[in-house]
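Listed below, chain by chain, are the residues.
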Amino acid sequence: MTQPDVARLAQALRELVSVISRETASHRLSRTAAGTLAALERHGPSRISDLTRLEAVGQPAMTGLVQRLEASDLVSRTSDPSDRRATLVAVTDAGRDALAERRRQQDAMVAARVARLPPDQLAVLDAAVDAIVELTQEDHDQPH
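Analysis parameters
- Residues numbered from 1 in each chain as written.
- Predicted model: local features only at pLDDT ≥ 70, side-chain atom pairs only at ≥ 80, totals over all residues.
- Heavy atoms only, no water.
- Patch = residues over 30% accessible without salt bridge, like charges linked within 9 Å, V, L, I, M, F, W, Y side chains within 5 Å.
- Areas by Shrake-Rupley, 256 points an atom, 1.4 Å probe, with all protein chains shown as cover.
- Salt bridge = Lys/Arg side-chain N within 4 Å of Asp/Glu carboxyl O.
- Helix = DSSP H or I, 4+ residues; strand = E, 2+ residues; numbered from the N terminus.
- Core = buried A, V, L, I, M, F, W, Y, C linked by side-chain atoms within 4.5 Å.
- Buried < 20%, exposed > 50% of the residue type's maximum accessible area, 1.4 Å probe, protein only.
- Contact = heavy atoms within 4.5 Å.
- pLDDT = per-residue confidence, 0-100.
- Pairing = 2+ DSSP bridges.

*Asks:* Requested: an account of a nonpolar patch on the surface, with residues and values cited.
*Replies:* On the surface, a cluster of nonpolar side chains totalling about 360 Å² of accessible area is made up of Leu-9, Leu-13, Leu-16 and Leu-135. No other element matches helix 1 (residues 6–24), which puts three residues into the nonpolar patch. Looking at the element boundaries, Leu-13 is found in helix 1.

Structure representation (structure tokens):
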């Protein structure tokens, strides 16, 4: 058995992610907004400083994003019980719904592309599902 070309595989996966991002960029949520809502969904209410680290953006950019998300009722802010000077940002039900809709749209777009593959290539992707899922679990909160 020949050694897999990891660099080629990495490039192909990066390109797939780029296509998905590009094709969903015109939807309601930007990639950073969706990432921020997903982080809040995973971790619960968080300080803006924690969100800047998770999303690898500057504090002014995250503050502006949170203000826009709050104006759209996708997040809410409350006082941090451990430090009244700080606030916690939490995803709202509307934010969860918007994130779920974006995920459905992305899934449908990927499914349409996958469905066009010939059966032998589809079988190869099907066999790789567990490995792909594993890739999504490692270093889940590392900067993008």
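Next, the rest of the story.
*Asks:* Explain the nonpolar core to me, and be specific about the residues and the numbers.
*Replies:* Leu-29, Leu-37, Leu-51, Val-66, Leu-69, Val-75 and Val-89 are the most contacted members of the largest nonpolar core, which totals 20 residues. At the level of secondary structure, the elements contributing two or more residues to this core comprise helix 2 (31–43), helix 3 (48–55), helix 4 (59–71), strand 2 (83–91) and helix 5 (93–115). Here this core takes six residues from helix 2, the largest share from any one element. Those residues within four positions of Val-75 in sequence are excluded, and the remaining contacts are Leu-37, Leu-40, Val-66, Leu-69, Glu-70, Val-89, Ala-90, Val-91 and Thr-92.

*Asks:* Talk me through the confidence of the model for the protein; I want residue IDs and the actual numbers.
*Replies:* Reading predicted coordinates in detail is not appropriate for stretches of low pLDDT. For the protein, mean pLDDT is 89; residues scoring 70 or higher make up 93% of the total. Averaged pLDDT values for the elements of the protein fall to 86 in helix 1 and rise to 96 in helix 4. For residues 140–144, every residue scores under 50 in pLDDT, and the model assigns this stretch 12 contacts once sequence neighbours within four places are set aside.

*Asks:* Please set out the pairing of strand 2 residue by residue, giving values where relevant.
*Replies:* One ladder, built from six bridges, connects strand 1 (residues 75–80) with strand 2; its direction is antiparallel. Bridging across to strand 2, Arg-77 finds its partner in Val-89. Taken together, strand 1 and the strand that follows it, strand 2, pair antiparallel across an intervening segment of two residues.

*Asks:* Any chance you could break down unusual backbone geometry for me, citing the residues and the numbers?
*Replies:* The backbone of Ala-56 shows a phi angle near 55°, a positive value even though the residue is not glycine. On the secondary structure map, Ala-56 appears in the loop between helix 3 and helix 4.

*Asks:* For the pattern of salt bridges, give the residues involved together with the corresponding values.
*Replies:* Here the structure, examined in full by the defined rule, presents nine salt bridges. The shortest N-O distance in the salt bridge between Arg-104 and Glu-101 comes to 3.0 Å. With Arg-104 and Glu-101 both in helix 5 and three residues apart, the pair spans about one turn of that helix. The exposure class of Glu-101 is partly exposed, given its relative accessible area of 34%. The structure contains a network of salt bridges with shared partners spanning Arg-47, Asp-80, Asp-83 and Arg-85.

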